[in-house]
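A closer look at the structure
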Amino acid sequence: MTRAAPRLGVLVSGRGSNLEAILDAGVPVVTVISNRPGVRALEVASGHRVPAFVLPRADFADADSRDGAIGRRLTDAGVTLCLLAGYDQRLRDGFFAAFPGRTINIHPSLLPAHGGPGMVGLAVHQSVLASGDPETGVTIHEVTPELDAGPILAQVRVPVLPDDDPETLAARVLAEEHRLLVGTLADLLRG
Ligand code: GRF
C-alpha cells in the first residue's frame, strides 16, 4: 500500500521569500496562514492562487486561543505537514492540541548555535559575527513547544567571509535556505 503524500500548510509573518521559493519550485501548498496582516508573504500566496488567511493575536482572547485557531484551520484544510517559513512567534500548546500533524521550521543558523528567544532576523547573523564563528548555515528541524530545539532534519553550512556584515551574511544564508528547503520538502512530500 502506498502512503498518501503529506499535505503542506505554511505559516508566515513577513517577507515570504521561503514561501515564494517553494511555490516557484512547484511544491504544492494547501493553505497559508499569517499572524500579521498586510505582509508580502500574503501577496506571494495570492500570486500563486494559494488560499491565505490572517489570524492576528488581537482577534483572540489570548495567544493560546489564537494558536489553537491556527491549528484548527490547518486540520480543517486537511494539512498533515506544517512549515514555519519566517513565522515569528512561539506556538503555544493550543496549536499542538489542535494540529496533530508534523510541524517543521527553517532557521538561518547551525542550530543549536544562535537559536532561541530573540534569535530572529538580522539578530541571528549579528550573533554569528560577534561570536567569531568561521561558519554558519541553515537548519530545518521539527518544531516542539521549546523554541528552535526540536530534532534536526537537515543542515547546510555557509562560510563566514572576512568582509561580512549582518546583511551580506544574511543574503548568502537566505539563498542556501531556499535551496535546502525546496530539496527537503521534495523528500518529505515524496513520503
Ligand atoms: C528566514 O531567514 C527563516 O529562516 C527565518 O525567518 C526568515 C524568513 O524569511 N525563520 P522569509 O519570510 O521566508 O523571506
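First, a word on what this report is: a plain description of the structure on this page. Sequence order as written defines the numbering, with residues in each chain counted from 1. Restriction of local features to residues with pLDDT of at least 70 applies here, the model being predicted, together with a cutoff of 80 or more for giving and counting side-chain atom pairs; totals for whole chains, interfaces and linings are based on all residues. Side-chain metrics rest on all non-hydrogen atoms present in the structure, leaving aside hydrogens and water.

With respect to the site of the ligand
- Whether a residue is near a molecule or strand depends on its heavy atoms: it is near if one of them lies within 4 Å of it. As a matter of local geometry, the ligand sits amid R15, G16, S17, N18, G86, I106, H107, P108 and E177.
- Polar contact is the term for a pair of N or O atoms within 3.5 Å; when the atoms are in protein, one must be able to donate a hydrogen and the other to accept it, and sequence-neighboring residues count only if both atoms are side-chain atoms. Backbone polar atom of I106 to a nitrogen atom of the ligand: 2.9 Å apart, as the coordinates give it.
- Here the accessible surface of atoms and residues is derived via Shrake-Rupley with a 1.4 Å probe, and residues count as covered only by protein chains that are part of the display. For the ligand, whose unbound accessible area comes to 370 Å², protein coverage reaches 85%.
- A pocket, in this scheme, is an open set of points on a 1 Å grid over the protein atoms alone with protein on both sides within 12 Å along at least 5 of 7 lines, while a cavity is a set where a 1.4 Å probe fits but cannot get out; residues line either one if an atom lies within 4 Å of a point. For a cavity or pocket, the test is whether more than half of a molecule's atoms lie within 2 Å of its grid points; if they do, the molecule sits there. When atoms are counted within 2 Å of each cavity's grid points, the one that captures over half of the ligand is the largest pocket.
- By the criteria applied, helices consist of DSSP H or I runs no shorter than four residues and strands consist of E runs no shorter than two, each listed in order from the N terminus. For the shell around the ligand, the secondary-structure elements that each account for two or more residues are α1 (17-24) and β5 (102-107).
- Class assignment of the residues belonging to the shell around the ligand gives a composition of 2 nonpolar, 5 polar and 2 charged. Gly falls in the polar group here, along with every residue not listed as nonpolar (Ala, Val, Leu, Ile, Met, Phe, Trp, Tyr, Cys, Pro) or charged (Asp, Glu, Lys, Arg).

Remarks on the layout of surface pockets
- In this structure, the largest pocket encloses a volume near 760 Å³.
- Every residue lining the largest pocket is counted, 39 residues in all, and those nearest its centre are G86, Y87, I106, V120 and G121.
- Those elements giving two or more residues to the lining of the largest pocket turn out to be α1, β5, α5 (122-131) and α6 (166-189).
- Here the residues of the lining of the largest pocket are counted per class, giving 18 nonpolar, 15 polar and 6 charged. Grid points are joined across faces, edges and corners, and a volume is the space filled by probe spheres set on the points.

A word on the sheet that holds strand β2 (residues 31-34)
- Two strands are counted as paired when DSSP detects at least two bridges linking them. Read across the sheet, 7 strands follow the order β3-β2-β1-β4-β5-β6-β7 without closing on themselves; strand pairing throughout is mixed. On the outer flanks of this sheet lie β3 (52-54) and β7 (152-159), each paired with one strand and no other. Taking each pair of neighbouring strands and ignoring which way they run, the sheet shows an average axis angle of 20°. A fitted line through C-alpha atoms represents every axis, and for helices the fit uses only the stretch in contact; the resulting angles, taken between N-to-C directions, go from 0 to 180 degrees.

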